[in-house]
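Take a look at the letters that make up each chain.
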Amino acid sequence: MLDDLDLTEYEPVYTRPESFTDTIMRYCPGCTHGLAHRLVAEVLDELGVRERTVCIASVGCSVYTYEYFNCDCVQAAHGRAPAVATGVKRVRPDSVVFTYQGDGDLASIGLAEVVHAAARAENITVIFVNNAVFGMTQGQMAPTTLPGQVTTTTPRGRSREEGGYTLRVCELLSQVEGVAYLARRVLTSPGRVRAAKNALRLAFEAQLEGAGFSLVELLSACPTWWHMTWREAFDWIDQTMTRYFPPGEFVNWRGCGQAKE
Amino acid sequence: MEDRSGATRKLMSGNEACAEGAIAGGCRFFFGYPITPQNAIPEYMAEHLPEVGGVYVQAESEVAATYMMLGAAAAGTIPMTSSSSPGISLMQEGLSYMLGCELPCVVVNMVRGGPGLGNIAPSQSDYWLATRGAGHGDGRCLTFAPYSVQELHDWSAEAFQVAARYRLPVMILGDAVLAQMMEPVRLRPRGEAMSLDREWAVGGGLKGRERRIVNSLWVVPEVMEQVNLRMKARFDQAEAEMVRFEEVGDEEPEMLVVAYGSMARVAETAIGWAADEGIRARLLRPISLVPFPYAAIRVWAERVRLVLVLELSLGQMVEDVRLAVEGRCPVEFYGRAGGPLITPEDTLSVILSMAGVRRML
Amino acid sequence: MNRQDVFLAGLGGQGVLLAGQILAQAALRSGLEVSWFPAYSPEVRGGEATCTVVMADGPVGSPIVGRPRALVLMDAGSVERHLPRAAEGAIAVINSSLAPDPPRPDGVRVITVPANELAQAAGSERSANLVMLGALLAVRPVVALSEVEAAVLDALPAHRRSSAGVNIEALRAGYRAAGGDVSV
């Protein structure tokens, strides 16, 4: 029995990050929100900034983000997290401020807020989880829904006539001066997870150095509303989603990115 | 400029006096978006806030400005924004979230003609928005309506203490007259910045304290009810402590005139002229619209033949006056909507005709 | 209580609002209570500009005046629109450079001043607003000319004080044209 194990004989090699609370997450099986949370928490731990971090939660599947991250949190209205983050950061410039937003929150109702926070070079970090669908409201079309993708509001597949075209947020923001760090990553293999974590660390480092706005887009699985197994969902990300949303580093203030000095 | 009393006064527009009043009251964080007729407020803040170590941010919309305020208030300050009617409509959602999060702020509304895009002329058609508003849910702003540039300056300063004391949004309700007119102002000295040290504030480092969550999502109805009851308790306290009004005119009036803001200025002159015509009228001017001076109006309703309500609208505050009067005497209304001004000459005619009609009854 | 009102109107760019502000500043200097209330059309350039200055030795009361007792009208359009609003016994100063041969309604004293020409002679046609203000003061001395001259200086930013001479000269030219004696 597990209860009979004497744990003192073991050295822990994988523990819960201090930046997590003990709350059990309520995400669906196969969803990668939990993994994205974990990477953010590990980065906050490793940078030693948890105690001065303020998380801005958004509206969508990740609405309870404030219950999971063990730091000060503010719950924002749908789409407004970058504006709330702006207010917090301007009053508390020493705080590390990040928003955690899905594609409906960030790319639909909140597109203006994220673009203008970037244009103002607000010293905040945005974690953008893109799973190409509205999850919490049960599977409607998102701005990032792919052409041809079937959702509950594009029952014949997204087309120019029904739903219009797909928005690519990183490509859009890569045109905005004021962005210090901008990358898109996937979470479908251990190597890709490590690359995603590295991008998250760079994004927070950009903020700590006062370099400006940083955003990491994470392509995320939604087996529930894609009506797939987790394996099918991961394959769909690798084979279909990444063709429309190529992973990469779009802006890096340290000069290693494709654009910007 | 020193006047005869030796006091230093400066000729300022309502917008400028309002902005300087806020700085004097401790405002250091202002989030703005341009809209006529209040543009001089964000412009003044952009120019002068840096002098006191403050921050001005031009938001991308009134919506964003309100949520910047939410973030700033969550971080402990009492933030400010200003706008005019269409922009205030957009702010309603954010004000509801601020009430839900139990966060204070100061909002200035320089009302213009509406509905819709309307125009940039003076109006009082946002009374309902300002007194019933703050978006969805069971909360309200505390609302104050100055009637001179000096009062605008003073209330703009006081608003920060009021917002902090009751942890509620405070709205200063002006209009295109008060925003743009210039009058001499006795300026308040610039006070210290509002403290960030509040028991709910995020940021500033945990330093051994528990983490804090600023939130308006309460899924369990009984928990959400508790938030509402806390808010109501603070509102009730404000209602007991913050009723403000002024009266001028006849001590034994046959008619009580009720008007606020710029309309009260017009009424004041007209009542003086009416006295010359033998009409005994008294002006009661609510300064606090929320909380409303129901009791003071009720007392006069027992003693006058008629209450006349004057507004630059088709009749909004008149509903509160009727709630105060409760049928004790007739309540008549005169107003214009959409921007035309009511002159003292118009007002005198209305007073004379109302007095004549009542005397014949 | 002594209450005086002055209504000024003209085309955007004629300095109507500034002339009203200078009058308001002079009233403040004189220890009076004062309000200056502007109204203008939404165009940034052109369009109509009007303002009302109310002065009193106690609270001014209404900053809005339905039937003004003194009017300064800078062009033909404002004469057409606003002269009919003049109160019984009002005085109206009209810029005959842009409104030649204005109507002379019963009960209103009309004074015509070729403000543009007088301003040009004083050094700048842009000072026609001050010519008109000077003329008003000669016929309706709501505040002393010396206080208005001081208010002109108050209104100029430090780097433009050198142009004060033209403005003062324009003010005095208007005052003289309406029968005032600047030596008083």
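Up top is the structure these notes are about.
Everything quoted here is computed from the prediction, not taken from an experiment. (Residues numbered from 1 in each chain as written. Chains lettered and ligands numbered in written order. Predicted model: local features only at pLDDT ≥ 70, side-chain atom pairs only at ≥ 80, totals over all residues. Heavy atoms only, no water.)

## Some details on the sheet that holds strand E5 (residues 179–186) of chain A
The criterion, for reference: When DSSP finds at least two bridges between two strands, those strands are taken to pair. Helix and strand definitions here come from DSSP, where helices need a minimum of 4 consecutive H or I residues and strands a minimum of 2 consecutive E residues; each element is numbered from the N-terminal end. We call two residues in contact when some of their heavy atoms are within 4.5 Å. Geometry is summarised by axes, namely lines fitted to C-alpha atoms with helices restricted to the contacting stretch, and by angles between N-to-C directions that run from 0 to 180 degrees.
The strand order across the open sheet built from eight strands is E7(A)-E5(A)-E6(A)-E4(A)-E3(A)-E1(A)-E2(A)-E9(B), with neighbouring strands paired in mixed fashion. Looking at strand neighbours, the two that pair on one side only are strand E7 (248–252) of chain A together with strand E9 (213–214) of chain B, the edges of this open sheet. Relative to strand E6 (residues 213–219) of chain A, E5(A) is paired through seven bridges, and the arrangement is parallel. Each residue of the ladder has a partner; that of A:Val179, found in E6(A), is A:Phe213. Across the sheet, helix H5 (residues 111–119) of chain A is in contact with strand E4 (125–130), E5 and E6 of chain A; its angle to E6(A) comes to roughly 140°.

## Some points on the packing of helix H4 (residues 128–139) of chain C against helix H6 (residues 164–177) of chain C
All names here are of chain C. Selection criterion: Here the word oblique covers every angle except those under 35 degrees (roughly parallel), over 145 (roughly antiparallel) and from 65 to 115 (roughly perpendicular). Crossings are sorted by hand: turned counterclockwise from the far helix by less than a right angle, the near helix makes the crossing left-handed, and turned clockwise it makes it right-handed. Under the scheme applied here, ten amino acids are nonpolar (Ala, Val, Leu, Ile, Met, Phe, Trp, Tyr, Cys and Pro), four are charged (Asp, Glu, Lys and Arg), and all others, including Gly, are polar.
Running from amino to carboxyl end, H4 crosses H6 at an angle of 45°, the nearest separation of the two axes being 6 Å. The angle between H4 and H6 falls in the class oblique. As for how H4 packs across H6, the hand of that crossing is right-handed. Here Leu130, Val131, Leu133, Gly134, Ala135, Leu137 and Ala138 of H4 lie close against H6, whose contacting residues are Asn167, Ala170, Leu171, Gly174 and Tyr175. When the residues that make up the contact of H4 with H6 are grouped by side-chain class, the tally is nine nonpolar, three polar and no charged.

## Considering the packing of helix H1 (residues 14–24) of chain B against helix H2 (residues 40–48) of chain B
Residue and element names in this part refer to chain B. Two elements in contact, H1 and H2, have axes separated by 8 Å at closest approach and are oriented at 45°. On the basis of their axis angle, the class for H1 and H2 is oblique. The handedness of the crossing between H1 and H2 comes out as right-handed. Across the interface between the two elements, Asn15, Glu16, Cys18, Ala19, Glu20, Ala22 and Ile23 of H1 pack against Ala40, Ile41, Tyr44, Met45 and His48 of H2.

## Remarks on helix H6 (residues 149–166) of chain B
Residue and element names in this part refer to chain B. As a reminder of what qualifies: Residue count minus one, scaled by 1.5 Å, sets the expected span of a helix. A residue's bend is given by the angle between axes fitted to the 7 residues ending at it and the 7 residues starting at it. The classification of residues rests on relative accessible area computed with a 1.4 Å probe and restricted to protein chains. Under 20% of the type maximum is buried, over 50% is exposed, and intermediate values are partly exposed.
Its 18 residues place the ends of H6 25 Å apart at the C-alpha level, agreeing with the 26 Å of an ideal helix rising 1.5 Å per residue. In H6, a bend of some 30° at Glu158 exceeds every other bend along the element. Within H6, 14 of the 18 residues are buried, which leaves it mostly tucked inside the rest of the structure. Where H6 ends, the next residue or the one after it, Arg167, has phi of about 55°, a positive value.

## Some remarks on the interface of chain B and chain A
This is how it is decided: The term buried area means the drop in 1.4 Å probe accessible area that two parts suffer when joined, counted for both and summed. By definition here, a salt bridge exists when the distance from a side-chain nitrogen of Lys or Arg to a carboxyl oxygen of Asp or Glu is within 4 Å. In protein, a polar contact means a hydrogen-donor-capable atom and an acceptor-capable atom, both N or O and within 3.5 Å, with residues adjacent in sequence counting only if both atoms are side-chain atoms; elsewhere, any N or O pair within 3.5 Å suffices.
Counting residues at the interface gives 36 residues for chain B, matched by 31 residues for chain A. Taken together, both faces of the contact between chain B and chain A bury some 2600 Å²; the carbon and sulfur share is 61%. Three residues stand out in chain B for area buried against chain A, namely B:Glu60, B:Leu206 and B:Arg211, and they jointly supply 23% of the buried area on that side. Residues A:Asp72 and B:Arg209 are paired through a salt bridge, measuring 2.7 Å at the closest nitrogen-oxygen approach. Summed over the shared surface of chain B and chain A, the result is 15 residue pairs in polar contact (both at pLDDT 80 or more).

Function cannot be read off these values alone, since they describe shape.
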